[in-house]
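Each chain is listed here by its residues.
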Amino acid sequence: MKNILLLFGVALCTLYHLHAQGLIVTYEESTSFQFQRQPPNLSQIDNPQMRMAVENSMRGMDRNRNMEMSKTSQLFVNNAVSEYRTEQSKPQNREESFTDERAGNVVPTRTEVTRLTTITPHTYYKDRHNKSKLTQINIDGKEYIVNEPLGEIKWKIGKKKQTVSGYQCIEATAKTADGMPITAWFTPDIPINDGPGTYWGLPGLILYVEIEGDMSRQIYSCTSIEQVDGLLSIDAPDSGEKITKAELEKMRGELIQRLQENAARRGNNSGNSGTVIIR
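This section reports on the structure supplied with the text. (Residues numbered from 1 in each chain as written. Predicted model: local features only at pLDDT ≥ 70, side-chain atom pairs only at ≥ 80, totals over all residues. Heavy atoms only, no water.)

## Things to note about the packing of aromatic side chains
Link 1 in the chain: The full count for this structure, using the stated rule, is three aromatic pairs.
Link 2 in the chain: Taking the centre distance of 6.1 Å and the plane angle of 65 degrees together, the rings of Tyr27 and Tyr84 count as edge-to-face. Taken as a pair, Tyr27 in strand β1 (residues 21-34) and Tyr84 in strand β3 (residues 81-86) lie far apart in primary sequence, 57 residues in all.
Link 3 in the chain: Clustering of aromatic rings is evident, with ring pairs tying together Tyr27, Tyr84, Tyr199 and Tyr220.
Link 4 in the chain: Over the ring of Phe76 we find Arg85; its NZ or CZ atom is 4.2 Å from the centre of that ring. (Phe/Tyr/Trp six-rings, centres within 6.5 Å; stacked < 30°, edge-to-face > 60°. Helix = DSSP H or I, 4+ residues; strand = E, 2+ residues; numbered from the N terminus. Lys NZ or Arg CZ within 6 Å of the ring centre and 35° of its normal.)

## What to know about the pairing of strand β12 (residues 205-212)
Link 1 in the chain: Within β12, six of the eight residues are buried, which leaves the element mostly enclosed by the surrounding structure.
Link 2 in the chain: Two strands pair when backbone bridges link them, and strand β11 (residues 181-187) and β12 are joined in this way by six bridges, in the antiparallel orientation. Residue Phe186 lies in a different strand from β12, and its bridge partner there is Ile206.
Link 3 in the chain: Sheet topology note: the β12/strand β13 (residues 216-229) ladder contains five bridges and is antiparallel. Paired with Glu210 across the strands is Ile219, a residue of β13.
Link 4 in the chain: Between β12 and the antiparallel strand that follows it, β13, lie three residues. (Buried < 20%, exposed > 50% of the residue type's maximum accessible area, 1.4 Å probe, protein only. Pairing = 2+ DSSP bridges.)

## Quick look at the nonpolar core
Link 1 in the chain: Of all hydrophobic cores here, the largest spans 29 residues; its most connected members are Tyr27, Trp155, Tyr199, Leu205, Ile206 and Val209.
Link 2 in the chain: Going through the elements one at a time, β1, β2 (66-78), β10 (167-175), β11, β12 and β13 are the ones with two or more residues in this core.
Link 3 in the chain: Here this core gets six residues from one element, more than from any other, and that element is β12. (Core = buried A, V, L, I, M, F, W, Y, C linked by side-chain atoms within 4.5 Å.)

## With respect to unusual backbone geometry
Link 1 in the chain: One non-glycine residue, Lys131, adopts positive backbone phi at about 55 degrees.
Link 2 in the chain: When you line up the elements, Lys131 lands in the loop between β6 (123-127) and β7 (132-139).
Link 3 in the chain: A positive phi angle, close to 55 degrees, is found at Ser165, a residue other than glycine.
Link 4 in the chain: Of note, Ser165 is situated in the loop between β9 (156-164) and β10.
Link 5 in the chain: On the basis of relative accessible area, Ser165 is assigned to the partly exposed category, the value being 36%.

## Digging into the pattern of salt bridges
Link 1 in the chain: A full pass over the atoms with the stated rule returns ten salt bridges.
Link 2 in the chain: Two residues, Lys71 and Glu29, come together in a salt bridge whose shortest N-O distance is 3.9 Å. Of the two residues, Lys71 sits in strand β2 while Glu29 sits in strand β1, which places them 42 residues apart along the sequence.
Link 3 in the chain: Residue Lys71 is classed as buried on the basis of its relative accessible area, which comes to 9%.
Link 4 in the chain: Given the relative accessible area of 3%, Glu29 is considered buried.
Link 5 in the chain: Among the salt bridges present, the one from Lys142 reaches Glu241, with a minimum N-O distance of 2.7 Å. You can see Lys142 sitting in strand β8 (residues 142-149) and its partner Glu241 sitting in strand β14 (residues 241-243), a full 99 residues away along the chain.
Link 6 in the chain: Given a relative accessible area of 40%, Lys142 falls into the partly exposed group. (Salt bridge = Lys/Arg side-chain N within 4 Å of Asp/Glu carboxyl O.)

## Things to note about the side chain of Arg128
Link 1 in the chain: Within the secondary structure, Arg128 is located in the loop between β6 and β7.
Link 2 in the chain: A distance of 2.6 Å separates the side chain of Arg128 from the side chain of Asp194, its partner in a polar contact. (Polar contact = N/O pair within 3.5 Å; in protein donor to acceptor, adjacent residues only side chain to side chain.)

## Re the side chain of Lys133
Link 1 in the chain: You can see Lys133 is positioned in strand β7.
Link 2 in the chain: Ignoring anything within four residues of it in the chain, the contact list for Lys133 reads Tyr124, Tyr125, Lys126, Val146, Asn147, Glu148, Pro149, Leu150 and Thr198. (Contact = heavy atoms within 4.5 Å.)

## Observations concerning the pairing of β10
Link 1 in the chain: When β9 meets β10, the two strands line up antiparallel, connected through six bridges. Residue pairing across strands places Lys156 opposite Thr173, the latter belonging to β10.
Link 2 in the chain: Linking two consecutive strands that pair antiparallel, namely β9 and β10, is a turn of two residues; a positive phi of about 55 degrees is found at Ser165 within it.
Link 3 in the chain: Hairpin remark: β10 followed by β11, antiparallel, with five residues in the connecting loop; positive phi at Gly179, about 90 degrees.

Shown next as structure tokens:
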């Protein structure tokens, strides 16, 4: 009987110790863009030398049509509460790589793409117990906060395994609300059903996420995990104007429209009537 009580006491102490620890997980977050264009109809070019020159020009432009934004983010976890904080995105290419008006197309400049990425939330506060989420975002220099339910993700756990940051992980897949495929890798060795950004709900900490879009790819990759004694100070963000998700989507849409109009005017001023592609 004494042995049973002793084992029960040890189990309680271990459980208390796990719950009394905070967790700081660092991720490298990257987003790559590929801007598409309307290719010219080469069959309408009779001169073979001219057709070859256009083909060579297209190959050269294709090499410069990719852009990658990267930033370091951290997930702070206490029991069922967490906060995911990101830094400002850093473009990894030159401005001139994003001004291509030679083939009848106008694509966004680096400045415009950077403005698009700033409408991505910089803080997510998740309360997994109460199934609620606060999103903090800065648009044109002003802070906003969106309060909404923490949506469930319909994960499908697979059988594939691989090592991420020294932890054995299992693959899981799902789809975004827009139907884009999501691939995640989580480790049961850390039994916390949380992860980067808005991703959560697996039986273990999510260490890697990849979202494949039509013109972009977003990756969250864990680079380090730190366990701290005692609970972290995690407070819900309260700095910013309270808005609804519908209001946020409207503001995003208006900003994208303004950037599209700016790109179109740039094309018209250069005497170009090509296609403007911003998504």
